[in-house]
Amino acid sequence: MRGILFAILGGAFITFQGVANARISQDLGTWQAAALTQCTGFVVALLVLLAFKDGHPRQFKRVKPLYLAGGSFAAIVIFSNVKAIELVGVTFSTSSVLIAQLLVTFLIDSFGWFGLPKQQMKLPQFIGIGMMIAGVVVMGWR
Amino acid sequence: MLMGLLFSIVAGALVGLQNIFNSKVNEHTGSWMTTTLVLGLGFAASLLLGVVFEGGEMFRLNMSSMQTWYWFSGIIGVGVVTCVVQGVRRLGPTFAISIVLITQLVTAMIWDTMGWLGLEKVPFSWNKLAGVLILIGGILVFKLGGRNAKTTEKVHIHDSI
């Protein structure tokens, strides 16, 4: 039960984060908003890290540099997400973001890129993606 | 409409890629270590791109338009990580991430309809509700429809969206 609550809160926070970035962008500009939220988020995460002393900093050496660089994508992610919210609203942008996200993850899975174990797309995944795209089309219908 | 879709696709594709990279970092270093790194790099990249595209304008902040809560918006990201990690730990990735995605959509629709935080209101419509319901059905079929336990689903939605 508590797990469900956490998951629901997690999803709500993700939407809230996108909206907050869009709102701050109206006043400060988009790159400024992206820099500000991540700077303050970084400080808080660092404090949590120091408080719980959780993690293994020496292990960073064992991760490929390419994977370490993943965090920098967030700049473009936030910028694009804010622009999308401004242009088409929160619902439509969230829907399209989710589809692209799931599609990329499953492409990578099916080809076994980045050293992930290869996994075959099965019929339910194709039907699922099809339904999701149909949902966005219905949404955009005028 | 088209531009909005294009921006969404760029964001979604990069989030998908980033989740995979982040989970690789996470396997070795732990979730708070990863979160700190991810946010720190995201900050550096935003600063850099801001300067590239806007030059000195990047630092000409109009402090009078700065509301107090803007300073605390970064905490939301920390809330995201905490909740998603806890959810996944208790429910397993497939079930937890399904709930996360569905809640994202439902709250998005509520937000559009209410126009909270002074965001432009996008009025509720029945076809939007129908679209969201079909989409949620698609997520459930996609996530719960027979597939082996997956590694990439150990995602930590560390960031951004």
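Predicted model, so just to flag it, every value in this text is computed and none were measured.

Caption draft 1: Region of the structure containing the pattern of salt bridges. Applying the stated criterion across every chain, the model contains four salt bridges over all chains. One salt bridge in this structure joins Glu86 of chain A and Lys83 of chain A, with 3.6 Å as the shortest N-O distance. Here Glu86 of chain A and its partner Lys83 of chain A are both found in helix H4 (residues 73-88), three residues apart, which amounts to about one turn of the helix. Judged by relative accessible area, Glu86 of chain A falls into the partly exposed class, the value being 40%. Across the salt bridge formed by Arg60 of chain B and Glu57 of chain B, the nearest N and O atoms sit 2.7 Å from each other. What makes Arg60 of chain B exposed here is its relative accessible area of 59%.

Caption draft 2: Molecular detail of the interface of chain B and chain A. With 108 residues of chain B at the interface, the matching set in chain A holds 111 residues. For the chain B and chain A pair, buried surface summed over both sides reaches about 9900 Å², with 75% attributable to carbon and sulfur atoms. Inspection of the region where chain B meets chain A yields zero salt bridges. At the junction of chain B with chain A, the criterion picks out 21 residue pairs in polar contact (both at pLDDT 80 or more).

Rules used in this analysis
Numbering of residues starts from 1 in each chain and follows the order in which that chain's sequence is written. All chains are assigned letters beginning at A, and all ligands numbers beginning at 1, according to the order in which they are written. Only residues with pLDDT of at least 70 are given local features in this predicted model, and only at 80 or more are side-chain atom pairs given and counted; all residues enter the totals for whole chains, interfaces and linings. Only heavy atoms go into the side-chain values, all of them from the structure, while hydrogens and water stay out. By definition, a salt bridge exists where a carboxyl oxygen of Asp or Glu is found within 4 Å of a side-chain nitrogen of Lys or Arg. The helix and strand labels rest on DSSP assignments: H or I over at least four residues marks a helix, E over at least two residues marks a strand, and numbering proceeds from the N terminus. Per-residue accessibility, obtained with a 1.4 Å probe over protein chains only, is compared with the maximum for each type, and a residue is labelled buried under 20%, exposed over 50%, and partly exposed between these values. Two residues form a contact once any of their heavy atoms are found within 4.5 Å. Summed over both partners, buried area is the accessible surface (1.4 Å probe) that two parts give up on being assembled. Under this definition, polar contacts are N or O atom pairs within 3.5 Å; protein pairs additionally need one hydrogen-donor-capable and one acceptor-capable atom, and for neighbouring residues in sequence, both atoms have to be side-chain atoms.

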